[in-house]
Amino acid sequence: MELFPPSQPQARRHLISVSDLDRDDVERILATAESFEAVMHRDLKKVPTLRGRTVMTVFFESSTRTSSSFELAAKRLSADVVSLKAVGSSVDKGESLRDTVQTLSAYDPDVIVIRHAAVGAAARVTKATSAHVVNAGDGCHQHPTQCLLDLYTIRAVRGSLDSLHVAIVGDVMHSRVARSNIQGLLMLGARVTLVGPPTLIPRHMTSLGVEVSHDISAIADADVIYVLRMQHERMSEGEAYIPSLREYSALWGVTSERVRPGQLVMHPGPMNRGVEISSDVADGPSSHVIDQVRAGLVVRMAVLYDLLAGPGPADASAALRPVPVAAGVAAGQEVA
Amino acid sequence: MELFPPSQPQARRHLISVSDLDRDDVERILATAESFEAVMHRDLKKVPTLRGRTVMTVFFESSTRTSSSFELAAKRLSADVVSLKAVGSSVDKGESLRDTVQTLSAYDPDVIVIRHAAVGAAARVTKATSAHVVNAGDGCHQHPTQCLLDLYTIRAVRGSLDSLHVAIVGDVMHSRVARSNIQGLLMLGARVTLVGPPTLIPRHMTSLGVEVSHDISAIADADVIYVLRMQHERMSEGEAYIPSLREYSALWGVTSERVRPGQLVMHPGPMNRGVEISSDVADGPSSHVIDQVRAGLVVRMAVLYDLLAGPGPADASAALRPVPVAAGVAAGQEVA
Amino acid sequence: MELFPPSQPQARRHLISVSDLDRDDVERILATAESFEAVMHRDLKKVPTLRGRTVMTVFFESSTRTSSSFELAAKRLSADVVSLKAVGSSVDKGESLRDTVQTLSAYDPDVIVIRHAAVGAAARVTKATSAHVVNAGDGCHQHPTQCLLDLYTIRAVRGSLDSLHVAIVGDVMHSRVARSNIQGLLMLGARVTLVGPPTLIPRHMTSLGVEVSHDISAIADADVIYVLRMQHERMSEGEAYIPSLREYSALWGVTSERVRPGQLVMHPGPMNRGVEISSDVADGPSSHVIDQVRAGLVVRMAVLYDLLAGPGPADASAALRPVPVAAGVAAGQEVA
């Protein structure tokens, strides 16, 4: 009888930050996502690509959209999914992140998707596992699949990001989405302006190659208005970043008076309607919020596929064959 | 590159209320459930009917039996299931029901099963999605699959509901089960008497075609005694519907002294033993509580099947072929 | 139309306590686990053995490692898994354990895996279901799969347990792991010494055939040092089992000064680093904590297989055939 040989920490690829990707990587993942989108138009939306693989999602912060998006992406690829929430887990017993991850990685999952409130959590996880690790958000630091789905959405509407002007509006300070998107947008050739009160835009941001404006009228010039969520939950008590939600909304809210026809309005969700965005804009013709959610599914399918299948050419035709179904049921008619 | 075309809000069928169904619909669903029951007698209880389909269960109220019943029904049909609980979801961040559902429906699930504390929640969801929607309970309003499983259970024991006398006992006021069952029982020809204190039976109920009695002895005449759960959690504080649980139990509890041999006793669960029902009745020969749970599984399989396969003839023979299994494992002998 | 015939309470096998097993049973399960370990070395770690079967995990206490281990074991065997946590379930509405289990067992799962804070809970569940029941921990009583995985781990390293000396250190009083392991270790021929303060080792324990020492230096003589978790959560308030965590750690902590090269250090997890075990030992070359987690997966696969396939010969070759995968994806190369 022999023990498992200890997992060799080999050179596995991870997606921790947008800076892990170069432009070719981004183009390849977006092209793969596009081919999965064709699958989503089918009556049967599932492919057998990752059958027999295990994806673990480990969420130490609550999230409907991101955890369900990853779970469904894995299931649409026929992978097995084991989902862990911090609530009700050993974390309640005071176990460290490292012990939790070592425990989970002892099961040899193929991919660990992790969200955690601490900056650098996903990167630390890579030291403790031989699985591919995907960062689904670490504190105010990074959320790379959000960036990829946003790039996908903008390209789907505008064809290219080259020379496009994107205004990112609101609470940049506490936003991992802003940090990831700035990197991705600049990489694909866009021009970025951060718009918001000085208390919510760190001064050092200009060193990233973006412009900063403290006047909401700056969004008038943008092709894309990317509205950030007010991160109440990430603001420490006693720190007065904004005078009040009402005043914030009056000064910085993206309302129909401030949006021109033809501008794309985006938001990573969940939205605080009436705070950073008005309901008429959120539900109006400029809004691409639902497109972003749809893009999230195919982009996450593409990321899982890319990590497991390796960075080969984007032709994934073998991956797109449908799952076999019961005779007479796929078509629908014979059953009815 | 093209975005998903926006989902066309076509004429999809939903199950929001018993009033969505006519007698033919009910008969067809019960017949389909009966054919699935034969599958449940097999050693392998799974059919490949809905392979490749996605069922999302979204529960904003806690529930063991209903959520697990729907999940298992979907899995027995080989569908993929994505389950969301309100606890630990974006709902904690104040996202609206509409935004949550729009987000989820952007993933193009085939069916959304929803439970929510607000009357009309499931109906509103139909406006925000192109999925089939099943109401798994909306406040005090409707719980149509509970009605169908109760009809199934009574028919299984008594053959027909025609002219059967059903007494519904207890907290009718706060019960979506009562509202759904009254409609279904009358549709199939039963006679219904509501039994309970005046504070728990709204006066307008008589307009539905039921009798009302404020005397517990009225259950003596019934073929079926349907005991409702005391809905503590749906009674607002300060409102005195009943003087005390002890007095309620003495006056209205369904105890062995009040049940005749041959009467069916039913309860939608979870039971408050010693309040609305005594343990000897709950566990006695008249009780069909466990049969109701079993019926719930096959009825929910039938509802999912019916919504996805369309209202065709009830012959579902293609749907009943078993899933293929590993050679030598199905039989059991070769492996042992 | 016929109701389901009531489930016949036949002689189904369960795993409630180590005392349910004789030495042949243990040897057979460990041998089956070993054959599943070979599957875990494959690129695709899934076998179709239990396809179409349903495993229900019902956890009334929180646990990351045990619940995820059982879930993944079932999924690796291709079973369907329905997982219930006490949080968010009807248990919140005051439903009894018995009603919950009767409800769940009405769905005819093949196996129910249950963890509950009450001693004897899993045994009581066997009365209310026709499923095979696996005890995943009942209060301070038993945790038989933990024992089996510990036996597996020790045998993997040392070949045999015969005449091996195992010191179990710490909070024996509140530990179901200690109770299960004492039985299993003695059954396979090991010698057991319990080491800890008199307040944490019940006097009657010596009647089980173990030695007791109240001096931490007793671990120097052991081949295996099995460190128990300090069960803060199972100590009633006001009872002073230990003067303080700091003093406990100084007197009873397993630190590098107290461990000789060649000794195996084990811990059931989650660890309180700096309390019952120091971090340098937990992460050092003597530690087999991660091996235990890995063993847990294959041992639980073996237990599920053994209960469902019956106590036949250990040759499970039919069970080890891999699941079929999409052409060109299993190999990985064609896709890349």
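Residues numbered from 1 in each chain as written. Chains lettered and ligands numbered in written order. Predicted model: local features only at pLDDT ≥ 70, side-chain atom pairs only at ≥ 80, totals over all residues.

Student: Could you clarify how one ought to interpret the overall build of chain A in this entry?
Tutor: For chain A, the helix and strand inventory stands at 9 helices and 9 strands. Taking the intrachain contacts of chain A between residues at least 6 apart in sequence as the baseline, contacts between residues at least 24 apart amount to 74%. (Helix = DSSP H or I, 4+ residues; strand = E, 2+ residues; numbered from the N terminus. Contact = placed C-beta atoms within 7 Å.)

Student: What is the right way to read the environment of Asp108 of chain B from this model?
Tutor: Tracing the chain through its elements places Asp108 of chain B in the loop between helix H3 (97-105) and strand S3 (111-116). You can call Asp108 of chain B partly exposed: it has 18 C-beta atoms within 10 Å. Considered as a pair, Asp108 of chain B and His288 of chain B are 180 residues apart in the sequence and their alpha carbons are 38 Å apart. Look past the residues within four positions of Asp108 of chain B in its chain and what remains in contact with it is Met40 and Lys45 of chain A. (Buried ≥ 20, exposed ≤ 12 C-beta atoms within 10 Å, placed from the backbone.)

Student: Which parts of the structure should I look at to understand the sheet that holds strand S4 (residues 132-138) of chain A?
Tutor: Either a parallel or an antiparallel arrangement is found when strands of a sheet pair, and the pairing is made through backbone hydrogen bonds. Residues and elements named next belong to chain A. Spatial strand order, S2-S1-S3-S4: 4 strands in an open sheet with parallel pairing. Two strands lie at the open edges of the sheet, namely strand S2 (80-85) and S4, each paired on one side alone. Adjacent strand axes in the sheet meet at a mean angle of 15°, parallel and antiparallel pairs treated alike. Relative to strand S3 (residues 111-116), strand S1 (residues 54-59) runs parallel, the two being bridged by 5 bridges. Note on S3: the bridge partner recorded for Phe59 is Arg115. (Pairing = 2+ DSSP bridges. Axes fitted to C-alpha atoms, helices over the stretch in contact; angles between N-to-C directions.)

Student: Can you walk me through the environment of Ala250 of chain C in this structure?
Tutor: Note that Ala250 of chain C resides in helix H7 (residues 245-252). Placed 184 residues apart in sequence, Ala250 of chain C and Thr66 of chain C show a C-alpha to C-alpha distance of 30 Å.

Student: In this structure, what is going on with the sheet that holds strand S8 (residues 224-227) of chain C? I would like to understand it.
Tutor: Residues and elements named next belong to chain C. What the 5 strands build is an open sheet, ordered S7-S6-S5-S8-S9; its pairing is parallel. The open sheet has two edge strands, strand S7 (211-213) and strand S9 (264-266), and neither has a second partner. Ignoring which end each strand starts from, the neighbouring axes of this sheet average 20° apart. Across 3 bridges, strand S6 (residues 191-195) lies against S7 in parallel orientation. Considered in S7, the bridge of Leu194 is made with Val212.

Student: Looking at this model, I keep getting lost on the domain arrangement of chain A. Mind explaining?
Tutor: Interfaces are often sized by the accessible area lost when the parts come together. All names here are of chain A. What the domain assignment reports for chain A is domain 1 (18-142 + 293-320) and domain 2 (144-288). Each of domain 1 and domain 2 has a C-alpha centre, and these two points are 25 Å apart. Across the contact, 22 residues belong to domain 1 and 20 residues belong to domain 2. Elements with a contribution of two residues or more to the side of domain 1 that touches domain 2: helix H1 (23-40), S4 and helix H9 (289-309). Of the residues contributing to the side of domain 1 that touches domain 2, the split by class is 11 nonpolar, 7 polar and 4 charged. (Domains from an automatic or database assignment. Nonpolar A, V, L, I, M, F, W, Y, C, P; charged D, E, K, R; others polar.)

Student: Even after reading the chapter, I still don't get the confidence of the model for chain A, so can you show me in this structure?
Tutor: As a general rule, the predicted coordinates of low-pLDDT regions are not to be interpreted in detail. Residues and elements named next belong to chain A. When pLDDT is averaged along chain A, the result is 86, and 83% of the positions lie at 70 or above. This model gives residues 326-336 a pLDDT under 50, and the stretch forms 24 contacts once residues within four places in sequence are excluded. Here the predicted complex scores 0.87 on pTM and 0.82 on ipTM. (pLDDT = per-residue confidence, 0-100.)

Student: Before we go on, may I ask you to explain helix H2 (residues 65-76) of chain B in this structure?
Tutor: One full turn of an α-helix is made of 3.6 residues, so residues set three or four places apart face in the same direction. All names here are of chain B. For H2, spanning 12 residues, the distance from its first C-alpha to its last is 16 Å, which sits close to the expected 16 Å at 1.5 Å a residue. Burial analysis of H2 places 12 of its 12 residues in the buried class, the great majority of the element. When H2 is considered as a whole, its buried residues turn out to be Arg65, Thr66, Ser67, Ser68, Ser69, Phe70, Glu71, Leu72, Ala73, Ala74, Lys75 and Arg76. Just downstream of H2 lies Ser78, where phi reads positive at about 70°. (Expected span 1.5 Å × (residues − 1).)

Student: Just checking my understanding: could you explain the packing of helix H2 (residues 65-76) of chain A against H9 of chain A for this structure?
Tutor: Between two packed helices, the angle of one axis relative to the other and the distance separating the axes together describe the packing. Residue and element names in this part refer to chain A. Across the interface, H2 lies against H9 with an axial gap of 8 Å and an inter-helix angle of 55°. With respect to each other, H2 and H9 are oriented oblique. As for the relative orientation of H2 and H9, their crossing is right-handed in sense. Only Val293, Gly296, Leu297, Arg300, Met301 and Leu304 of H9 make contact with H2, whose side of the interface consists of Arg65, Ser69, Phe70, Leu72, Ala73, Ala74 and Arg76. Across the contact of H2 with H9, the residue classes break down as 8 nonpolar, 2 polar and 3 charged. (Parallel < 35°, antiparallel > 145°, perpendicular 65-115°, else oblique. Left-handed = near helix turned anticlockwise from the far one by under 90°.)

Student: What exactly am I supposed to notice about unusual backbone geometry here?
Tutor: Leaving glycine out, the prevailing phi sign among residues is negative, and the prevailing peptide bond configuration is trans. In this chain, Gly269 of chain A is followed by Pro270 of chain A through a cis amide linkage whose omega measures -15°. Along the polypeptide, Pro270 of chain A turns up in the loop between strand S9 (264-266) and helix H8 (279-282). The phi dihedral of Asp108 of chain B is positive, around 55°, even though this residue is not glycine. Even without a glycine there, the phi angle at Ser78 of chain C is positive, about 70°. Along the chain, Ser78 of chain C turns up in the loop between helix H2 (65-76) and strand S2 (80-85). Of the residues examined, Ser78 of chain C has 20 C-beta atoms within 10 Å and is grouped as buried.

Student: Can you walk me through the pairing of S8 of chain C in this structure?
Tutor: Regular strands place side chains that alternate from one sheet face to the opposite one. All names here are of chain C. Side-chain alternation along S8 places Val224 and Tyr226 on one buried face and Ile225 and Val227 on a second face that is also buried. Inspection of the sheet shows strand S5 (residues 165-169) paired to S8 by 4 bridges, in the parallel sense. Along S8, the bridge assignment pairs Val166 with Val224. By the bridge criterion, 3 bridges tie S8 to S9 in an arrangement that is parallel. From the neighbouring strand, Val224 faces S9, where its bridge partner is Leu264.

Student: Is there a simple way to think about the pairing of S6 of chain C in this case?
Tutor: Residues and elements named next belong to chain C. The pairing of S5 with S6 spans 5 bridges and is parallel. Paired with Ile168 across the bridge in S6 is Leu194. Handedness of the crossover joining S5 and S6 through helix H6 (residues 176-187): right-handed. (Right-handed = clockwise from strand over helix to strand, strands pointing away.)

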